[in-house]
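Architecture and fold: a report
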Amino acid sequence: MNEPTVEGRKLSRSFGWLALLGTLLVIAGVIGLVYTGVATLTSMLLFGWLLLVGGLVGLLHAIESRGTNYFWLGVVVAALNIAAGVVVIKHPEGTAEALTMFAALLFLTGGVFRLVGSVVVRGPQMGWTLLQGAFGLLLGLLVLFDWPHSSLYVLGCFFSLALLFDGLGLIAFGLGGRRIVSMVSGRPDETAPNADEPINSPEDERK
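These notes cover the structure that comes with them.

Each value, and the rule that gives it
Residues numbered from 1 in each chain as written. Predicted model: local features only at pLDDT ≥ 70, side-chain atom pairs only at ≥ 80, totals over all residues. Heavy atoms only, no water. Helix = DSSP H or I, 4+ residues; strand = E, 2+ residues; numbered from the N terminus. Buried < 20%, exposed > 50% of the residue type's maximum accessible area, 1.4 Å probe, protein only. Contact = heavy atoms within 4.5 Å. Axes fitted to C-alpha atoms, helices over the stretch in contact; angles between N-to-C directions. Parallel < 35°, antiparallel > 145°, perpendicular 65-115°, else oblique. Nonpolar A, V, L, I, M, F, W, Y, C, P; charged D, E, K, R; others polar.

Topic: the overall build of the chain
Looking only at helices and strands, the chain features 7 helices and 0 strands. Ordering the α and β elements of the chain from the N terminus gives α-α-α-α-α-α-α. Relative to its 207 residues, the chain shows a buried fraction of 24%. Taking all contacts inside the chain whose residues are at least 6 apart in sequence as the whole, residues at least 24 apart take part in 81%.

Here you go:
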């Protein structure tokens, strides 16, 4: 009987750590929404370091697989990732401006395609698709008209919102997991028959 209790405590502790991590992500997301400029530069630096580390790991894999047909392709891809990572780390502001312009163009094209597609197809979700298209088009125009100043807060806002929603998801998962573990380990199944009590047969009940 001790082993399930120990395992339940371990699972509950693991879910508690997930909830704690989610709380930290939520706090980071809220701080990022307040200081969007800092969040933008932080996200760019993280992006640059991810590219750099990924390029170095890819280069090591390419070196280990030398002699194969994919050796030079792996070297080229790794070199491009390393170069892009170095550029992003050295010029985070310029990278943020370029990515903000790219995001604005994505919003514009996505909004136009949704608007045109909803009018042409006229499906059951036409109203919702029109609303999505109009929102994407408006968001793209707002970002584009305020560019390059919009690069100081757009990416940081998206990055902070991602942290916020991921944190809320981890908190819900951790608290829900702890609740399930406590229910399973703390409450025995009352519907199961007791081994000490005799089981009456139908004939005994008639008597």
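Let's talk about the side chain of Thr-100
As for its position among the elements, Thr-100 is in helix H4 (residues 92-121). Judged by relative accessible area, Thr-100 falls into the buried class, the value being 0%. Contacts of Thr-100, omitting those with residues within four sequence positions, involve Val-143, Trp-147, Ser-150, Ser-151, Val-154 and Leu-155.

A short note on the packing of helix H2 (residues 36-64) against H4
Two numbers describe how H2 lies on H4: the axes approach to 9 Å, and their chain directions differ by 95°. In terms of orientation, H2 lies roughly perpendicular with respect to H4. Where H2 approaches H4, its residues Thr-40, Leu-41, Met-44, Leu-45 and Phe-47 are matched on the opposing element by Pro-92, Glu-93, Thr-95, Ala-96 and Leu-99. The residue inventory of the contact of H2 with H4, partitioned by class, reads 7 nonpolar, 2 polar and 1 charged.

Bear in mind that shape data such as this cannot, by itself, settle questions of function.
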